[in-house]
Amino acid sequence: MNNLKILVTGGAGFIGSHFVKLALKKSEVRQVINLDKLTYAGNPATLKPVEEDPKYQFIKGDIADASLIDTVFKNGIDMVVNFAAETHVDRSIQEAGDFIKTDIQGVWVLLEACRRYGIKKFIQISTDEVYGSIAEGSFTETAPLMPSNPYSASKAGGDRLAYSYWKTYQLPVVVTRCSNNYGPYQYPEKLIPLFVTNALENKKLPLYGDGLNRRDWIHVLDHCEAVWFLTEKGENGETYNIAGRNELTNLVLTRMILDEFNLDPSMIQPVKDRPGHDRRYAIDDSRLRKLGWTSQIPFEKGLKETLQWYKENTAWWEPIKHGEFKQYYQQQYGAIS
Ligand code: NAD
Ligand code: DAU
C-alpha cells in the first residue's frame, strides 16, 4: 500500500506512541492522525519529538464518540490501527466501566465507521490475556478464549467484534495478540516501570502473591515492528500472536531489576495477591514467524537500556508519580513506601 493516511488511536499511550513514531518514518505513509482521549495514561509529552512533523496530526477525542469518529473518517482514512484501550488489569478490578466503554463499545464505533466509509485495513491490537492462563505449553491462535479479569474480558469482546466485521461484512480486519511489553515511556503502574521507578526512589517493590506468576516479555519496538509487518503481510480475517519468547517469573524479573541497581532483595515487599491473578501466559507465535518476522531486541539488553532510560528521564515520569498516580497507588498498595 502507498500514499497512506493512517488513523492511529491511543497514540499518546505507551505502545501507540512508539507506533506513531515508527509509522511517521515510513515513506509510504502520507499522514498519521493520532486520536487519543488523553486519559490518565495518555501523555502529550511523549509525542513532543514528532509534534512539528508535517505528516503528523493530533486529535483529542474518544473512540466511543460516534459523531467525532464520523467527522474524522469523512476526510478519508486508508488504515486504522487501534491501540486505544483501558489497559491496566488492577484498575479493571477496581472499576470496570471504562474498560467496557472503550475496549468494547469504542471498538464497535470504529468498526462501524470503517464499514460506512470503507478502509484498506483495520488492525485491532488485542492481547495474549484473552486466552487466560496456561499451566504448560502455549496457546496458538485457534485456542479457545478464556479471559479471566475484567480487562481481558473486555479486550476479548473487542477482539471478536473486530473478527465479526470481517466474517459478516468482509471488512479487512487483522487481530494481533501480543505478550507483555516493556520499554521507554510506559506508565509507571505496570510491573517494570513501577519497580524501576520505585527502586530509583528507594521505595519497596510490591510483589504480588508468591512472585511465581510467569509472563513473556517483548520490547515495545519489536511489538511495533511486528504490527507494521502485519499491516503489510497480515491476511484479512486472521489473528496473529506476537511473542517475545522470553518467559520469566515475576520474582526472577524483580531480582534482575534489583541487581542492575545493586540493590538488595530485601527491597521486595510481598503483598496481597491480585484477585483472580492469571498464573502463566504463553503464546505460540509461529504463524507470524513463518511469514518472516523475527524479534530483534534481546531481553537483557532491552531491559538494561530501559532501566537507563528511566534513570535519565525522571522529568517524564516524576510528574506522573507525584500527580494522579499517588491516589491510585495509595488505593492499590496502601502505605507501602
Ligand atoms: P496505555 O494505557 O499506555 O495507553 C492507552 C492509550 O489509549 C492512552 O493514550 C489513552 O489516553 C488512550 N485511550 C484510552 N481510552 C481511550 C478512548 N476511549 N479513546 C481514545 N483514546 C483512548 O496502553 P498500552 O500499554 O500502550 O497498550 C496499547 C494497546 O496494546 C492496548 O489496546 C492494549 O490492550 C494492547 N496491549 C498492551 C500490552 C502491554 O503489555 N502493554 C500487551 C498486549 C496488548
Ligand atoms: O500480557 C499482555 C498484558 O500485559 C497486556 O494486555 C496488559 O495491558 C498489560 O498491562 C500486561 O498485563 P499484566 O497484568 O501481565 O501486566 P502488569 O505489569 O500489571 O503485571 C505483570 C505481572 O506482575 C503480573 O503477574 C502481576 C505482577 N505485578 C504487577 C504489579 C503492577 C506485581 O507483582 N506487582 C505489581 O505491583
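Higher on the page you've got the structure.
Since the structure is predicted, the reported quantities are computational estimates derived from the model, not experimental observations.

Caption draft 1: Layout of the sheet that holds strand S1 (residues 4-9). Reading across the sheet, the 7 strands line up as S3-S2-S1-S4-S5-S6-S10 and stay open at both edges, with parallel pairing between neighbours. Of all strands in the sheet, those bounded by a partner on one side alone are strand S3 (56-60) and strand S10 (239-242). Here the average twist between neighbouring strands, direction ignored, is 20 degrees. Relative to strand S5 (residues 121-127), strand S4 (residues 79-82) runs parallel, the two being bridged by 4 bridges. From the neighbouring strand, Val-81 faces S5, where its bridge partner is Ile-123. Packed on one face of the sheet, helix H7 (residues 220-233) meets S1, strand S2 (29-36), S4, S5, strand S6 (173-178) and S10 and runs near 145 degrees to S5.

Caption draft 2: How the structure looks around helix H2 (residues 66-74). Of all the positions in H2, only Ile-69, Asp-70, Val-72 and Phe-73 are classed as buried. Along the axis of H2, the buried positions cluster into a sector of 165 degrees, meaning they face one direction only. Seen from the buried face of H2, the exposed residues on the opposite side, beyond 90 degrees, are Ser-67 and Lys-74. In this structure, the buried side of H2 is in contact with S1, S2, S3, S4 and helix H4 (97-117). Phi turns positive one or two residues past the end of H2, at Gly-76, with a value near 90 degrees.

Caption draft 3: Region of the structure containing the sheet that holds strand S11 (residues 247-249). Strand order in this open sheet of 3 strands is S7-S9-S11, and the pairing throughout is mixed. Where the open sheet ends on each side, the last strands, each with one partner, are strand S7 (180-182) and S11. Averaged over neighbouring strand pairs, the angle between their axes works out to 50 degrees when direction is ignored. Where strand S9 (residues 214-219) lies against S11, 3 bridges are found, and the strand directions are antiparallel. Considered in S11, the bridge of Arg-214 is made with Thr-249. Running at roughly 85 degrees to S11, helix H8 (residues 250-260) makes contact with S9 and S11 of the sheet.

Each value, and the rule that gives it
Residues numbered from 1 in each chain as written. Chains lettered and ligands numbered in written order. Predicted model: local features only at pLDDT ≥ 70, side-chain atom pairs only at ≥ 80, totals over all residues. Heavy atoms only, no water. Pairing = 2+ DSSP bridges. Helix = DSSP H or I, 4+ residues; strand = E, 2+ residues; numbered from the N terminus. Axes fitted to C-alpha atoms, helices over the stretch in contact; angles between N-to-C directions. Contact = heavy atoms within 4.5 Å. Buried < 20%, exposed > 50% of the residue type's maximum accessible area, 1.4 Å probe, protein only. Arc of directions from axis to C-beta.

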